[in-house]
Amino acid sequence: MDRGEIEEGGEEDFPRAGGGRYRPVVAHDRAVIEMSSVEPGTSSSSSPTLKNIKVVTPGELGAGGAREGPDGVNGHHKDSKLELFGFDSLVNILGLKSMTGEQVAAPSSPRDGEDISITQGHPKPALKMGTMMGVFVPCLQNILGIIYYIRFTWIVGMAGIGQSLVLVLLCGLCTFLTTISLSAIATNGAMKGGGPYYLIGRALGPEVGISIGLCFFLGNAVAGALYVLGAVETFLKAFPAAGIFRETITKVNGTAVAEPIQSPNSHDLQIYGIVVTILLCFIVFGGVKMINRVAPAFLIPVLLSIFCIFIGIFLAKTDDPDTGITGLRFKSFRDNWGSAYQMTNNAGIPDPTGGTYWSFNDLVGLFFPAVTGIMAGSNRSASLKDTQRSIPVGTLAATLTTTSLYVISVLFFGAVATRDKLLTDRLLTATVAWPWPVIVHVGIILSTLGAALQSLTGAPRLLAAIANDDILPILNYFKVADTSEPHIATLFTALICIGCVVIGNLDLITPTVTMFYLLCYSGVNLSCFLLDILDAPSWRPRWKYHHWSLSFVGAALCIVIMFLISWSFTVVAIALASLIYKYVGLKGKAGDWGDGFKSAYFQLALRSLRSLGANQVHPKNWYPIPLVFCRPWGQLPENVPCHPKLADFANCMKKKGRGMSIFVDILDGDYYECAEEAKEACNKLATYIEYKRCEGVAEIVVAPNMTEGFRGIIQTMGLGNLKPNIVVMRYPEIWRRENLTEIPSTFVGIINDCITANKAVVIIKGLDEWPNEYQRQYGTIDLYWIVRDGGLMLLLSQLLLTKESFESCKIQLFCIAEEDSDAEALKADVKKFLYDLRMQAEVIVVTMKSWDIRSEGNSKEDSLEAFDAAQRRISDYLGEIKSQGSTPRLANGKAMVVNEQQVEKFLYTMLKLNSTILSYSRMAAVVLVSLPPPPLNHPAYFYMEYMDLLVENVPRMLIVRGYHRDVVTLFT
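The structure presented is a predicted model; accordingly, all values stated were derived computationally and were not measured.

A. Inspection of the overall build of the protein at higher detail. When helices and strands are tallied, the protein shows 30 helices and 14 strands. Taken across its 972 residues, the protein has 53% of its residues classed as buried. Of the accessible surface of the protein, which amounts to about 45,100 Å², a share of 58% is contributed by carbon and sulfur atoms.

B. A look at helix 25 (residues 792–801). Counted residue by residue, helix 25 has eight buried out of ten residues, so it is predominantly covered. Of the positions making up helix 25, those classed as buried are Leu-792, Met-793, Leu-794, Leu-795, Leu-796, Ser-797, Leu-799 and Leu-800.

C. Broad picture of the pairing of strand 9 (residues 760–765). Counting buried positions along strand 9 yields six of six residues, so the element is predominantly enclosed. On strand 9, burial covers both faces: Ala-760, Val-762 and Ile-764 on one face and Val-761, Ile-763 and Lys-765 on the other are all buried. Inspection of the sheet shows strand 8 (residues 726–730) paired to strand 9 by five bridges, in the parallel sense. Following the sheet pairing, Arg-730 is matched in strand 9 by Ile-764. Both strand 9 and strand 14 (residues 957–961) contribute to a ladder of five bridges, which runs antiparallel. Bridge pairing in strand 14 links Val-762 to Val-960.

D. How the structure looks around unusual backbone geometry. Asp-320 connects to Pro-321 through a cis peptide bond whose omega is 20 degrees. Of note, Pro-321 is situated in the loop between helix 8 (288–315) and helix 9 (330–335). A cis amide bond, omega 0 degrees, links Trp-434 with the succeeding residue Pro-435. Within the secondary structure, Pro-435 sits in the loop between helix 13 (428–432) and helix 14 (437–468). A positive phi angle, near 60 degrees, is found at Asp-470, a position not held by glycine. In the Ramachandran plot, Asn-758 falls in the positive-phi region, its phi being about 60 degrees despite a non-glycine side chain.

E. Looking closely at helix 24 (residues 742–756). Over its 15 residues, helix 24 runs 21 Å from end to end, which matches the ideal 21 Å to within 8%, given 1.5 Å per residue. Along helix 24, the residues that are buried comprise Ile-743, Pro-744, Thr-746, Phe-747, Val-748, Gly-749, Ile-750, Ile-751, Asp-753 and Cys-754. Where the residues of helix 24 are buried, they touch strand 5 (626–629), helix 22 (706–716), strand 8, helix 23 (735–738), strand 9 and helix 30 (940–951). Positive phi appears at Asn-758, one or two residues downstream of helix 24, with a value of about 60 degrees.

F. Seen up close, the packing of helix 29 (residues 900–920) against helix 30. In contact at an axis separation of 7 Å, helix 29 and helix 30 are set at 20 degrees when each is read in the N-to-C sense. With respect to each other, helix 29 and helix 30 are oriented roughly parallel. In this structure, the crossing between helix 29 and helix 30 has a hand that is right-handed. Residue-level contacts link Val-903, Phe-906, Leu-907, Met-910, Leu-911, Leu-913, Asn-914 and Ile-917 of helix 29 to Phe-942, Tyr-946, Leu-949, Leu-950 and Val-951 of helix 30.

G. View of the nonpolar core. Core analysis: the largest hydrophobic core is formed by 153 residues, its most contacted members being Tyr-148, Tyr-149, Ile-210, Leu-363, Phe-367 and Tyr-406. For this core, the element with the most residues is helix 6 (residues 206–238), which contributes 18 residues. By size, the runner-up hydrophobic cluster in this structure holds 59 residues, among which are Met-793, Leu-800, Leu-813 and Ala-925.

H. Here's a closer look at the packing of helix 7 (residues 266–285) against helix 15 (residues 487–503). Where helix 7 meets helix 15, the axes come as close as 9 Å, and the angle between the chain directions of the two elements is 165 degrees. Accordingly, the angle class assigned to the pair helix 7 and helix 15 is roughly antiparallel. Both helix 7 and helix 15 take part in a crossing whose hand is right-handed. Here helix 7 contributes Leu-269, Gln-270, Gly-273, Ile-274, Thr-277, Ile-278, Cys-281, Val-284 and Phe-285 to the contact with helix 15, which in turn contributes His-487, Thr-490, Leu-491, Ala-494, Cys-497, Ile-498, Val-501 and Val-502. Split into classes, the residues belonging to the contact of helix 7 with helix 15 amount to twelve nonpolar, five polar and no charged.

I. Just the pattern of salt bridges, in detail. Enumeration over the complete set of coordinates arrives at 13 salt bridges. For the salt bridge of Asp-768 with Arg-730, the shortest nitrogen-to-oxygen distance reads 3.1 Å. Taken together, the positions of Asp-768 in the loop between strand 9 and strand 10 (780–785) and Arg-730 in strand 8 put the pair 38 residues apart, joining distant regions of the chain. Asp-768 gets classed as partly exposed once you look at its relative accessible area, which sits at 43%. The structure contains a network of salt bridges with shared partners spanning Asp-322, Lys-421 and Asp-425.

What counts, and where the lines are drawn
- Residues numbered from 1 in each chain as written.
- Predicted model: local features only at pLDDT ≥ 70, side-chain atom pairs only at ≥ 80, totals over all residues.
- Heavy atoms only, no water.
- Helix = DSSP H or I, 4+ residues; strand = E, 2+ residues; numbered from the N terminus.
- Buried < 20%, exposed > 50% of the residue type's maximum accessible area, 1.4 Å probe, protein only.
- Areas by Shrake-Rupley, 256 points an atom, 1.4 Å probe, with all protein chains shown as cover.
- Pairing = 2+ DSSP bridges.
- Expected span 1.5 Å × (residues − 1).
- Contact = heavy atoms within 4.5 Å.
- Axes fitted to C-alpha atoms, helices over the stretch in contact; angles between N-to-C directions.
- Parallel < 35°, antiparallel > 145°, perpendicular 65-115°, else oblique.
- Left-handed = near helix turned anticlockwise from the far one by under 90°.
- Core = buried A, V, L, I, M, F, W, Y, C linked by side-chain atoms within 4.5 Å.
- Nonpolar A, V, L, I, M, F, W, Y, C, P; charged D, E, K, R; others polar.
- Salt bridge = Lys/Arg side-chain N within 4 Å of Asp/Glu carboxyl O.

So, in structure tokens, the structure goes:
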């Protein structure tokens with residue numbers, strides 16, 4: 001390889017963090033940066049210099065886009081001179097090594113880790129649009145629609161100039177604040193297709209994003225029908241002869257003499273609407289290039305018609321061009337300043353006997369579609385050259401332009417005609433237009449057709465973007481490649497549009513569209529509000545003119561407007577979004593998009609952790625946080641990383657599922673050699689925990705041996721007061737037949753480490769027989785309360801009763817007392833203590849004397865046999881040690897001093913306790929007994945013999961040791 005050139009990588013793609021792969025740089029990219037590398041063998045003192053950075057245009061690349069090195073067309077990654085840094089070189093990270101022409105498949109879902117694509121692959125790029133044609137024109141076409149031409153003058157007449165200004169400013173403020181939020185989110189990184197859905201989904205999560213995105217898709221599709229019906233209605237009113245089904249309906253209007261008003265037949269609206277929708281679909285099928293050619297043809301006549309309307313207003317005179325026109329007169333302005341809400345018929349004509357009464361809230365719902373359409377540009381985000389520049393500039397320009405137009409129009413419409421004229425002439429804009437009304441008719445038709453075209457263009461792309469994220473399998477039919485047109489989604493959108501056209505009622509469709517748009521706008525504002533409040537390190541939008549308070553006001557304003565318009569439609573829209581949200585949660589695939597809720601959870605967890613402090617938690621707020629030790633002490637089925645009953649028992653330690661368990665295991669070996677194996681084992685354990693429906697986390701620790709690994713876990717696991725407080729493990733019943741030395745020393749070491757670290761211990765004997773949630777137990781839960789443990793044993797018994805498997809059991813509390821103690825007084829004290837703790841249990845006091853009496857029978861014989869066997873094994877063990885000649889030592893290195901009399905005392909104590917348990921609790925569902933600590937200077941083998949004698953013939957037992965603090969309290 002020559003100096004000044006970077007050696008190309010191997011054939012494989014370089015992965016990036018998260019599992020995704022970057023796409024290759026292709027020939028249409030503007031430039032490829034080449035960086036030279038340092039020659040091998042150059043000393044650091046010679047100040048090696050980098051060769052000049054060289055910009056290579058696509059034409060300078062060889063065939064296939066590759067440059068030759070000394071090893072052939074492509075160099076080998078193993079010869080890279082930058083590998084001393086331990087990471088991929090900058091060129092490889094950016095994907096420049098793929099100039100060789102190898103194809104790299106683009107991931108289809110952001111869950112694969114490709115939220116940001118640096119390059120666009122080898123296929124010829126689709127036509128990209130700038131700010132004017134990509135954002136401003138679509139937004140302007142969507143906003144300037146049917147409402148302005150045929151409803152706006154009527155709104156001014158009904159609400160008056162004053163309230164009309166309030167109405168315009170209220171709706172305009174809503175869209176302006178939404179545009180501010182949209183600009184901030186859109187400039188916070190590269191943006192793929194999907195527009196507001198993409199922004200909301202990445203901010204609030206896939207469930208919220210899809211639910212609002214699908215509602216917004218329906219809103220766009222229904223809005224297309226609204227615009228088509230408006231165009232057809234205007235056409236049929238301008239050219240009545242074109243109607244197939246002619247029908248004249250006489251309605252009483254507000255003029256002095258009642259006049260017949262001709263209304264288009266509903267069948268004409270349906271037929272013409274279907275035809276127009278199909279024609280628009282053919283244009284959309286032609287792709288972005290076709291739409292760009294047609295859009296100006298729709299927009300220019302619209303702008304010309306608005307210009308003609310204002311010229312006509314300035315030239316108007318009294319009763320010229322029609323009765324009721326006053327010209328620009330202050331008297332008309334003053335007369336029309338106040339509102340005139342009244343009853344109207346179905347056509348909106350004032351009629352005292354009409355069935356509709358209009359209010360300001362109703363007018364908000366009628367007018368709001370006239371300010372929607374601000375998302376038309378962001379819907380085409382995949383077709384824009386520079387989304388971070390085009391979306392803010394184009395959307396804000398369209399919003400401010402149309403809002404200013406509406407404000408000016410309110411003032412001029414209110415001053416140019418009488419109120420009766422404003423309320424009765426639905427096409428007053430055409431009446432005053434100069435020089436001919438037909439110009440406005442053409443403008444109305446083209447404006448509505450242009451808005452319908454933008455809806456039919458944006459809605460399919462939105463649906464395709466949702467489908468491409470591969471969250472809902474039911475939407476897989478609408479998936480498209482990056483450079484393809486969403487033909488199936490377009491056809492589906494057209495069917496929805498045609499269905500709404502068949503309904504044929506413009507005023508029925510309008511509130512539905514309004515709710516879906518407002519729902520989307522509130523989602524955008526909430527997304528920006530959440531991201532602004534959290535202020536994560538990744539939140540760095542280029543658009544600086546935003547604040548969380550503006551987004552909050554925008555979201556609140558959207559909700560307020562929704563309820564102002566219609567609480568029933570609001571409930572329906574929210575219910576539909578909630579149903580979609582629930583469906584996505586049940587049927588959707590899991591996806592992590594780094595949404596704002598995850599960031600909120602993280603910050604909330606940090607804040608909660610800090611608020612807990614480092615002090616001890618009050619007993620009233622104490623929750624068990626079990627550290628479940630997954631080392632099986634036996635064989636497990638293949639691909640089962642944890643004993644199934646350990647997860648069942650961990651669930652038994654939680655009240656109504658509240659709490660967290662930490663499942664840990666230790667992988668013996670060297671960390672550098674076993675790191676990948678540990679990650680794989682951790683993922684497998686986490687998957688198994690989720691499968692067992694146990695709320696918890698999985699951790700795998702690599703250590704030279706189990707003792708060292710557990711010692712590290714018990715010291716470091718957890719944060720602050722969220723450290724595990726109970727260690728749960730299985731009793732090693734197999735120790736005698738498996739390993740006589742390693743298992744006892746490890747087991748005793750774990751118990752001693754827990755005592756040193758002040759952790760409670762729960763050891764489960766008979767884990768294989770532990771019941772699951774479907775195995776109902778009967779009988780008693782027997783507690784042998786020997787030492788003060790802070791109430792842990794009592795609390796565990798109460799937690800067991802909350803589970804279905806143990807809810808039919810009763811608690812018996814056995815108090816082990818000295819022979820000379822007052823049994824009745826002790827029993828009364830314990831009952832009073834349990835009463836204050838709000839616990840119900842039968843109290844039984846067992847003394848040594850009573851034990852001797854009740855131990856008569858088979859239970860005593862069985863225990864004595866186990867006692868004699870344990871004595872023999874300990875004697876054999878001591879004899880074996882003495883025969884070695886050297887001084888025996890413990891695991892900690894100290895000399896082992898065996899007091900045979902003390903050993904016999906321990907054995908005898910365990911024998912008596914075991915006999916008591918077998919006498920009183922042979923039929924118990926589970927027995928809880930205090931855990932004796934390992935005696936000092938006793939070998940681990942001896943302690944295992946003591947424990948074996950304690951658990952002998954008891955099928956299911958929990959051996960519990962508390963720690964130096966209370967977990968229950970008497971006080972409220």
